[in-house]
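The residues making up each chain are set out below.
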Amino acid sequence: MPIFLYIERATFIHRLHPTVKVFALFVMFWSVYWVDHPLALLPLAAVMAAAAQITGAWPNFYRLRWLFILVVFFTTLAWMVFYRQGPALINLPLIHLSRASLLFGLGRGLKLAELLATSVLFLSTTKVEEFTAGLARLGVPYRVGFAITLSFRLVPLFIDSALTVVQAQNLRGYDFNRGGPLERVRRYVPVVIPVFMGALRKANSMAMALEARGFGMSRQPTSFIDYPVEAGDLAATAALFALGAVYFIIYYTGYGAISPG
Amino acid sequence: MRELGAMWRNTRMVVLCAISAALYAAVLVPFKVVPLIPGVTELRPANAIPIVCSFLFGPAAAWGAAIGNMIGDFFGGVGPGDIFGFFANLFYGYIPYKAWNVIAQGQSPVARSPGAVASYVAVCLAASVLCADIVGWGDNLLSFRPFSILGNIIVFNNMASALVLSPLILIAVYPRVRRGRMLYADVMPEFKERPWSVRAAGLLLLVAGEAGAWLMGNLVSTGYWAPSFLSAAMTQAPYDKAIAIVVSPFILLAVVGVGLM
């Protein structure tokens, strides 16, 4: 099972400066936040579909298709319980099904789906190093960025060692599928312990290796990877500013709102 | 909370932070596909890890919980609500060992006396409720989901892992880590705690703040209580403004309490 969503391509979006990508994430969140009406959210969906086509990110969207459907469905349903505005179309227990509650719930569901889509696009086009470089440019301290990068790198290693322990226990006849859901989860505790202890054994040597290489000597260490700002980055930043401004205007003029009537 | 900053100067704590984060994410990611309520939250046996790591690595575990949760979000998509998730998990990993130091005073977290068990349940509950409060409050502030959905599911999810899984892992690893002199008190011996009376006052503020936030969040977001000092428009779904005005002071109180601990 692939753990991360990054897809190696040489597209214009992949080559954007990491800080521009983090800014793009922010602008998409900003734009989605200001509008409520499902129709007002559609242009953003079109922008994301175009970006998915350019970046070749559709396989990741397909992989998460059920998550998208469930997010929209359950969010719409949840808000039809809590948002009790407008005359009910049908009398149902617990759920208030009106035009306003349906629009409001669907709008929230689409918002969450678009936020999810934004992050899928970001993760499909951004490496971990780029993400931490982007954070560093935004002022996150070097040691924090290093811890984030190291954590990302260790996750597949720990999952691999857990799978090895599972296989070893299976060979010895240990049945992980016995009992109810709670019992099954408890049966994985003997897997966690060797992974945990193995990780701790590495901690000391890892800390010594880092210090031997001068970790923490400088507040702003140099890096092998350089991310120069290019014309495309400036153009993308300008386009993102425009998008954010347009969505704020849509909010300000009231076009993105839902009337409770 | 001074040690949350001080720990970044200690290379071994940085490594332990990365290990805590990676362990958390390594258990979190495979269970992303087992939703508890689709589109809202999934089954999270991984929530046992921050509790265990908190008793072992203290502040490194707090940052580890925050980063590990962020890595988990990267697998299934990130959104603005995840900023609240980051801080909620920071507190989820920070409170257990801090509150334990106040109420159990030097006792081992794997002691099996009734007092120790009661203290363990109390500190896990304190951590779980503040984590749930912050996520529920943040998601409702952004009008994504009502407080009463996430604010309650997260308490249940966290407590189930903390009570069923964490003790089993803790009993197995705590004595080994102590023998290996890898507990946070061994790695950061230079750190001095505040006087007990100040920390106890902090714990009281935390409990008052988080209990108030949880109660008010539930009452306001379900529409059971419409505060008379708010306008009628504020006390209607999505209740974002009402939650901001009523719940935020309690969250602030809880955070001040954590700061004093």
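Remember, predicted model here, so these are calculated numbers, not experimental data. (Residues numbered from 1 in each chain as written. Chains lettered and ligands numbered in written order. Predicted model: local features only at pLDDT ≥ 70, side-chain atom pairs only at ≥ 80, totals over all residues. Heavy atoms only, no water.)

1. Describing the overall build of chain B
Here's step 1: Along chain B, the regular secondary structure elements total 11 helices and two strands.
Here's step 2: Each helix (α) and strand (β) of chain B, taken in turn from the N terminus, gives the series α-α-β-β-α-α-α-α-α-α-α-α-α.
Here's step 3: Radius of gyration (C-alpha) of chain B: 18 Å, near the 18 Å computed for a compact globule of 261 residues.
Here's step 4: Principal axes of the C-alpha set define a box for chain B whose edges measure 60 × 45 × 35 Å.
Here's step 5: Counting across all 261 residues of chain B, residues that qualify as buried make up 65%.
Here's step 6: Here the analysis covers contacts within chain B between residues at least 6 apart in sequence; of these, 77% occur between residues at least 24 apart.
Here's step 7: Summing over all exposed atoms, chain B offers an accessible surface of approximately 8,800 Å²; the carbon and sulfur share of this is 69%. (Helix = DSSP H or I, 4+ residues; strand = E, 2+ residues; numbered from the N terminus. Rg over C-alpha atoms; globule rule 2.2 N^0.38 Å. Buried < 20%, exposed > 50% of the residue type's maximum accessible area, 1.4 Å probe, protein only. Contact = heavy atoms within 4.5 Å. Areas by Shrake-Rupley, 256 points an atom, 1.4 Å probe, with all protein chains shown as cover.)

2. Topic: helix α5 (residues 81-103) of chain B
Residues and elements named next belong to chain B.
Here's step 1: The terminal C-alpha atoms of α5, which comprises 23 residues, lie 32 Å apart, in line with the 33 Å expected from a rise of 1.5 Å per residue.
Here's step 2: At Ile-95, α5 shows its strongest bend, of approximately 35°, with the proline Pro-96 following within four residues.
Here's step 3: Summarising burial for α5: 19 of the 23 residues are buried, a large majority. (Expected span 1.5 Å × (residues − 1). Bend = angle between axes of the 7 residues up to and from the residue.)

3. Digging into the interface of chain B and chain A
Here's step 1: Contact with chain B, which involves 58 residues of that partner, is made by 57 residues of chain A.
Here's step 2: Taking both partners together, chain B and chain A bury about 5,200 Å²; carbon and sulfur atoms supply 82% of that area.
Here's step 3: Counting the contacts that link chain B with chain A gives zero salt bridges.
Here's step 4: Across the chain B-chain A interface, the total number found is five residue pairs in polar contact (both at pLDDT 80 or more). (Buried area = accessible area lost by both parts, 1.4 Å probe. Salt bridge = Lys/Arg side-chain N within 4 Å of Asp/Glu carboxyl O. Polar contact = N/O pair within 3.5 Å; in protein donor to acceptor, adjacent residues only side chain to side chain.)

4. As for the domain arrangement of chain A
Interfaces are frequently sized by the accessible area removed from exposure as the parts join.
Here's step 1: When the domains of chain A are assigned, the result is domain 1 (18-133 + 231-252) and domain 2 (141-212).
Here's step 2: Centre-to-centre separation of domain 1 of chain A and domain 2 of chain A, based on C-alpha positions: 34 Å. (Domains from an automatic or database assignment.)

5. Side note on the packing of aromatic side chains
The way to describe two aromatic rings as a pair is by their centre distance and the angle between their planes.
Here's step 1: Here the structure, examined in full by the defined rule, presents 27 aromatic pairs over all chains.
Here's step 2: Where Trp30(A) meets Trp34(A), the ring centres are 5.2 Å apart and the plane angle is 75°; that geometry is what we call edge-to-face. Here Trp30(A) pairs with Trp34(A), and both are found in helix α1 (residues 18-34), just four residues apart, close to one helical turn.
Here's step 3: Residues Phe55(B) and Trp100(B) carry aromatic rings whose centres are separated by 5.6 Å and whose planes lie at 85° to one another, so their mutual orientation is edge-to-face. Taken together, the residues span a long stretch of sequence, with Phe55(B) in helix α3 (residues 48-57) and Trp100(B) in helix α5 at a distance of 45 residues. Here Phe55(B) and Trp100(B) have matching classes, each one buried.
Here's step 4: In this structure, Arg65(A) packs its charged tip against the face of Tyr62(A), placed 4.0 Å from the ring centre. (Phe/Tyr/Trp six-rings, centres within 6.5 Å; stacked < 30°, edge-to-face > 60°. Lys NZ or Arg CZ within 6 Å of the ring centre and 35° of its normal.)

6. Overview of the pattern of salt bridges
Here's step 1: A full pass over the atoms with the stated rule returns eight salt bridges over all chains.
Here's step 2: Of the charged contacts, one joins Arg108(A) and Asp36(A) as a salt bridge, the two residues approaching to 2.7 Å between their closest N and O atoms. You can see Arg108(A) sitting in helix α5 (residues 99-125) and its partner Asp36(A) sitting in the loop between α1 and α2 (38-55), a full 72 residues away along the chain.
Here's step 3: For Arg181(B), the salt bridge is made with Asp186(B), and the minimal N-O distance between the two is 3.8 Å.
Here's step 4: Salt bridges linked by common partners bring Asp36(A), Arg108(A) and Lys111(A) together as one network.

7. Looking at the packing of α5(B) against helix α6 (residues 114-141) of chain B
Residues and elements named next belong to chain B.
Here's step 1: One can describe the packing of α5 onto α6 by two numbers: an axis separation of 8 Å at closest approach and a directional angle of 160°. Our classification of the angle between α5 and α6 gives roughly antiparallel. Once α5 is placed against α6, the crossing between them reads as right-handed.
Here's step 2: Looking at the contact of α5 with α6 residue by residue, the classes come out as 20 nonpolar, six polar and one charged. (Axes fitted to C-alpha atoms, helices over the stretch in contact; angles between N-to-C directions. Parallel < 35°, antiparallel > 145°, perpendicular 65-115°, else oblique. Left-handed = near helix turned anticlockwise from the far one by under 90°. Nonpolar A, V, L, I, M, F, W, Y, C, P; charged D, E, K, R; others polar.)

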